[in-house]
Amino acid sequence: AAKELAEEGVSLITTSCGFLALFQAELADAVDVPVLTSALLQVPVAARLIGPQKVVGVLTERPNLTDRHFAAVGCTPGETPYLVQAMPDDAVFPRVFIDGATEADLDVLERELVDTAVRFARSHPEVGALVLECTNFVPFSQAIRRATGLPVYDLYTLVMQSYDATWGHDFAAPRAALAGQL
């Protein structure tokens, strides 16, 4: 599918599940356009941005992330400090997005995700940034930022940064407009 998309002329390919990190190297090698398999790609970057005294907190729906997922996105043991926190066993979120429950209250989903993030950050004051592994967490990123006061990275932040790197900005028009005002 990635090859077909590249042949059709796309300039960036992304998947949606953080667990697809395991296929980052294989997919990136298969095409000549950037490939983003997982929000976890931001863990090494976030670790460097927050400094060596802090760790990256990774929020996930279920406790199934392994060292292989992190190695696949460039996390080197001992060099990329991170902690993983899954949603509580009784959380509604995984029942909706993994188990296929047919109804969900967005306020409940937001509250339990924010509560999980806040408890995690409070119990681990060394956490200096959060990476949201699950794409379904993205709509709640801002609420998590407000509640924790931490930078929050998710698939949206990864895609937007990559979009900007791929397409860029035309600063000539604003520059010309400013020149006319001076």
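Enquirer: Give me the packing of helix H6 (residues 106–123) against helix H7 (residues 141–148): which residues, what numbers.
Expert: Where H6 meets H7, the closest approach of the two axes is 9 Å, and the angle between their N-to-C directions is 40 degrees. Our pair here, H6 against H7, has a crossing hand that is right-handed. Contacts between H6 and H7 pair Glu 110, Leu 113, Val 114, Ala 117, Val 118 and Ala 121 from the former with Ala 143, Ile 144, Ala 147 and Thr 148 from the latter. Classifying every residue of the contact of H6 with H7 gives eight nonpolar, one polar and one charged.

Enquirer: Requested: an account of helix H8 (residues 155–167), with residues and values cited.
Expert: Taking 1.5 Å as the rise per residue, H8 with 13 residues should run 18 Å; its terminal C-alpha atoms sit 18 Å apart, in good agreement. Within H8 the residues assigned to the buried category are Leu 155, Leu 158 and Ser 162. For H8, the arc enclosing every buried residue in end-on projection is 65 degrees, short of the 170-degree limit, so these residues lie on one face. Away from its buried face by more than 90 degrees, H8 exposes Tyr 156, Gln 161 and Trp 167. Downstream of H8 by a residue or two, Gly 168 has a phi angle that is positive, lying close to 70 degrees.

The rules behind each value
- Residues numbered from 1 in each chain as written.
- Predicted model: local features only at pLDDT ≥ 70, side-chain atom pairs only at ≥ 80, totals over all residues.
- Heavy atoms only, no water.
- Axes fitted to C-alpha atoms, helices over the stretch in contact; angles between N-to-C directions.
- Helix = DSSP H or I, 4+ residues; strand = E, 2+ residues; numbered from the N terminus.
- Left-handed = near helix turned anticlockwise from the far one by under 90°.
- Contact = heavy atoms within 4.5 Å.
- Nonpolar A, V, L, I, M, F, W, Y, C, P; charged D, E, K, R; others polar.
- Expected span 1.5 Å × (residues − 1).
- Buried < 20%, exposed > 50% of the residue type's maximum accessible area, 1.4 Å probe, protein only.
- Arc of directions from axis to C-beta.

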